Amino acid sequence: MIELLIALTVGIPTLAGVAAWFAGGRRATELALGGLAIALVSGLALSGLVFANGPVRALDGLVLIDAFGAYMLILVLVVAGIAVAGSPAHLAHEQEADRLRRHDAGRYYALLLWFVAGLAAVPLLDNLGLVWVGIEATTIVSALLVGFARTPDAIEAAWKYLILGSIGIGFALLGTLLLYASSVGVLGETSDALDWTRLTEIAPRLDPGLVRLAFVFALAGYGTKAGLVPFHTWLPDAHSQAPSPISALLSGAGLAVALYALARFHLVTVGALGPSFSSTLLVGFGLLSLAVALPFIVAQGDLKRLLAYSSIEHLGLATLALGFGGQLALLGFSLHLICHGLAKATVFLAAGRLVAERGSRRIGRLGDSLARSPADGRALVVAALVLAGLPPSGIFVAELAILFGGVQAGWGLAAAGAATILALAAAGLLFHVVRVSVGPAGPLGEPCASAGAWAVLLAIPLGVVVVAGLWTPSPLAAALEQVTIVLGGGGG
Amino acid sequence: MTIDPRSASEIVDVCAAAIVVLGVGLAATRSIGRSIWLVAIQSALVGMAAVTVGLATGAGHLLTGGLLAIGVKGVVVPLVLGSILRRSAVRRERHPILGPRASLIAAVAIIFVATAAANGASLGASVAARSALPAAIAEVLTGLLIVMTRRKALSLVVGLLVFENGVALTAFSLTYGMPFVVELGVLFDLLIAVVVAWVYARRMLDVLGSTSTDQLRSLRG
């Protein structure tokens, strides 16, 4: 039963991707939507089992899903659902503009599905070496997607992403190797020497010097993939140049999965060295990301880059929360990451349509969007209010929890600094979004065909995020509680 | 065929020394063609060191991994890079960010830093670790140096390969190589990474008319 669900979650998108590569056109769209629907349903069932009955082990210990893994799986699949559902509209517009070659639609869906399969596989794996392989694979596939438009700018962005991503992934491998070296000293050369469950158990006996070094390399490596400053330079380019549904997936789920891998390293490091070493580093890099993202948000002229820097800000906040530790901050972390994923994925779709309509990403040329393209304009405004952390929304509650949790855990100064930066960044984000929504209009473009289904697609995730700030159903609250316990170092 | 541990460790010593010397050459050369040759030899030497340790310890996954590395990174990848170079107008790194002389000095400085760092770490319990670990750290840093100071797309790929050689050498000097499944995954990914880079280099040829990343400067802020 469990094996079947795992096979459906990861295997079906992979196979549907292979089929879409050869099918192309309308058939590829159907394959992508169908494949993802199956993966979503089985992934949700799998996560439900974990939340109901505790951690699940399968396939000879290759797969181990605890509450944190189940949570990440849901996040990945839901964000992927938004991205895939937003893809036909994007491709249709590209088709009209005559920018699509013959096989492009099939290739696009194939790469997208493989990207989703890779992201979904990572939180299921017990072995940190295989986690690394999964993240490396997603890097390769997503680099192809970033450069999909084949314009010189898109190729520059993909090239930067590929080179920086490879260096980052190399560092992550070094971190993994060092951790392996430390565990071989304790366990001998067994096949489970890189399983994070085993590593967490034996953490107090690991060589502290090696673990310290391993965490630093993992921070640089997975930090690159998660867009932490100063390893973030690829991110604004990749997010602004990629097709908008890909930006949605990259930003909503891709960054979070890299942070997931870093969090596993963090848990092992806390077990081996006590909380101070890795927590301090996470708080430091989280604050740095917030601080560096701020001026780029305030002085931004490009809508998609604005959203990209907002992702750096939010991932910085999540990293900060992980560093703070403590039940309240970690609860904030788990609520924040999924709300950010939903809101950011939606806003990238809306922004992508606006940009496609006007043929420009410049904020100054996108004015009066509320009147001209109501569905996208409204989604943009709501998402910006949510991402700015205004109540009522899940992100507002999560930010409060993180900041208060930080004060509780003795990080008062860092929390105060973060609060200031968040307020300023919110002001910057809202200023730009006001310009886009009601500001002076730029040149008129061709309006995209607007369907009711599109407005619904944008409204549902945003609605969920807003409602999450007012009311949490008890199973969801219990699930988040379980994630918090895992992140607090209890239960594996 | 087996090798006794003492001669194995001598062979690894020689390989490590040669790898470091090639790294200095890679940092100092401006000819892209030559750098492809050098990195091919370097990759093959990393593979040979792995094979030697594999024979000495009877570790099958090291043997297979080493042979694969020789085949993929020593032969296939350089041939692909060479074929791109032949179609490209750019043969030399004309205006690197750091000139060849400064790069040479930096590469030598890296060797000292790496040796000091490896001595400070005092990790090595295995035969390979003593000489291979400093060489591994040196190649990781040399790869970074090349990636940071060159402008041409092919030079960046060469820098990445040097970096990967350093990582691979670290892998087996620290741990005798990881279990086979993971190692295969590593190599497989590497192969795909290079193929993708190759596709991009070709797309760059189409769009920009050369494999120079000089023109890739429009995305800012």
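The rules behind each value
- Residues numbered from 1 in each chain as written.
- Chains lettered and ligands numbered in written order.
- Predicted model: local features only at pLDDT ≥ 70, side-chain atom pairs only at ≥ 80, totals over all residues.
- Helix = DSSP H or I, 4+ residues; strand = E, 2+ residues; numbered from the N terminus.
- Buried ≥ 20, exposed ≤ 12 C-beta atoms within 10 Å, placed from the backbone.
- Contact = placed C-beta atoms within 7 Å.
- Rg over C-alpha atoms; globule rule 2.2 N^0.38 Å.
- Core = buried A, V, L, I, M, F, W, Y, C linked by C-beta atoms within 7 Å.
- pLDDT = per-residue confidence, 0-100.
- Axes fitted to C-alpha atoms, helices over the stretch in contact; angles between N-to-C directions.
- Parallel < 35°, antiparallel > 145°, perpendicular 65-115°, else oblique.
- Nonpolar A, V, L, I, M, F, W, Y, C, P; charged D, E, K, R; others polar.
- Left-handed = near helix turned anticlockwise from the far one by under 90°.

Student: I tried to follow the overall build of chain B on my own but got confused; where do I start?
Tutor: Along chain B, the regular secondary structure elements total 7 helices and 0 strands. In sequence order, the secondary structure elements of chain B are arranged as α-α-α-α-α-α-α. Counting every position in chain B, which comprises 221 residues, the buried fraction comes to 51%. For chain B, the share of sequence-separated contacts (at least 6 apart) that also reach a separation of at least 24 residues comes to 75%.

Student: Looking at this structure, how should I read the overall build of chain A?
Tutor: A count of helical and extended segments in chain A gives 19 helices and 2 strands. Its C-alpha radius of gyration of 21 Å places chain A within 12% of the 23 Å reference for a compact globule of 492 residues. Classification of the 492 residues of chain A by burial places 65% in the buried group. Counted over contacts in chain A with a minimum sequence separation of 6, partners at least 24 positions apart contribute 80%.

Student: Looking at this structure, how should I read unusual backbone geometry?
Tutor: Excluding glycine, a negative phi dihedral is what most residues carry, and trans is how most peptide bonds are arranged. Residue and element names in this part refer to chain A. Val229 connects to Pro230 through a cis peptide bond whose omega is 5 degrees. One can find Pro230 in the loop between helix H8 (208-226) and helix H9 (234-241). The peptide bond linking Pro391 to Pro392 adopts the cis configuration, its omega dihedral lying at -5 degrees. In this structure, Leu59 is a non-glycine residue whose phi angle is positive, near 50 degrees. On the secondary structure map, Leu59 appears in the loop between strand E1 (56-58) and strand E2 (63-65). Residue Asp98 is not a glycine yet carries a positive backbone phi of 65 degrees. With respect to the element layout, Asp98 can be found in the loop between helix H3 (67-96) and helix H4 (104-121). By the C-beta count within 10 Å, which is 7 here, Asp98 ends up exposed.

Student: Looking at this structure, I do not really get the environment of Leu174 of chain A. What am I missing?
Tutor: Relative to the helices and strands, Leu174 of chain A is located in helix H6 (residues 152-187). Spatially, the C-alpha atom of Leu174 of chain A lies 9.8 Å from that of Val216 of chain A, the residues being 42 residues apart in sequence. Apart from the residues lying within four places of it in its own chain, the contact partners of Leu174 of chain A are Phe217 of chain A together with Val167 and Thr170 of chain B.

Student: I would appreciate a short explanation of the nonpolar core in the present structure.
Tutor: Taken as a class, soluble globular proteins show a tendency for nonpolar side chains to be buried jointly. Residues and elements named next belong to chain A. Ranked by internal contacts, the top residues of the largest apolar core, which has 273 residues, are Leu75, Val76, Val79, Val146, Val257 and Ala383. Examining the composition of this core, we find that 21 residues originate from one element, H6, more than from any other. Sequence-distant contacts of Leu75, defined by excluding residues within four places in its chain, comprise Ala253, Ala256, Leu337, Ile338 and Gly341.

Student: Would you mind showing me how to read the confidence of the model for chain B here?
Tutor: One rule of thumb: low pLDDT means the predicted coordinates there are not for detailed reading. Per-residue confidence for chain B averages 77 on the pLDDT scale, and 73% of its residues sit at or above 70. The element-level mean pLDDT for chain B is lowest in helix H7 (residues 180-208) of chain B, coming to 59, with helix H2 (residues 32-57) of chain B highest at 89.

Student: Would you mind showing me how to read the packing of H2 of chain B against helix H3 (residues 60-87) of chain B here?
Tutor: For any two helices packed against each other, one specifies the crossing angle of their axes together with the interaxial distance. All names here are of chain B. Across the interface, H2 lies against H3 with an axial gap of 7 Å and an inter-helix angle of 170 degrees. The angle between H2 and H3 falls in the class roughly antiparallel. The class makeup of the residues in the contact of H2 with H3 is 19 nonpolar, 8 polar and 1 charged.

Student: What's the story with the packing of H3 of chain A against helix H10 (residues 244-273) of chain A in this structure? I'm lost.
Tutor: Residue and element names in this part refer to chain A. Where H3 contacts H10, the axes come no closer than 8 Å and their chain directions differ by 165 degrees. Classified by the angle their axes make, H3 and H10 are roughly antiparallel. Where H3 crosses over H10, the handedness of that crossing is left-handed. Every residue of H10 that contacts H3 at Met72, Leu75, Val76, Val79, Ala80, Ile82, Ala83, Gly86, Ser87 and His90 is listed here: Ser244, Pro245, Ala248, Leu249, Gly252, Ala253, Ala256, Val257 and Tyr260. Looking at the contact of H3 with H10 residue by residue, the classes come out as 14 nonpolar, 5 polar and no charged.

Student: In this structure, what is going on with the environment of Ala153 of chain B? I would like to understand it.
Tutor: Among the secondary structure elements, Ala153 of chain B is positioned in helix H6 (residues 153-175). A sequence separation of 16 residues divides Ala153 of chain B from Leu169 of chain B, and the C-alpha atoms of the two residues are 25 Å apart.

Student: Which parts of the structure should I look at to understand the environment of Asn119 of chain B?
Tutor: All names here are of chain B. With respect to the helices and strands, the residue Asn119 is situated in helix H4 (residues 100-121). Accessibility expressed as a C-beta count within 10 Å gives 11 for Asn119, which makes it exposed. Between the C-alpha atom of Asn119 and that of Met148, which follows or precedes it by 29 residues, the distance is 26 Å.

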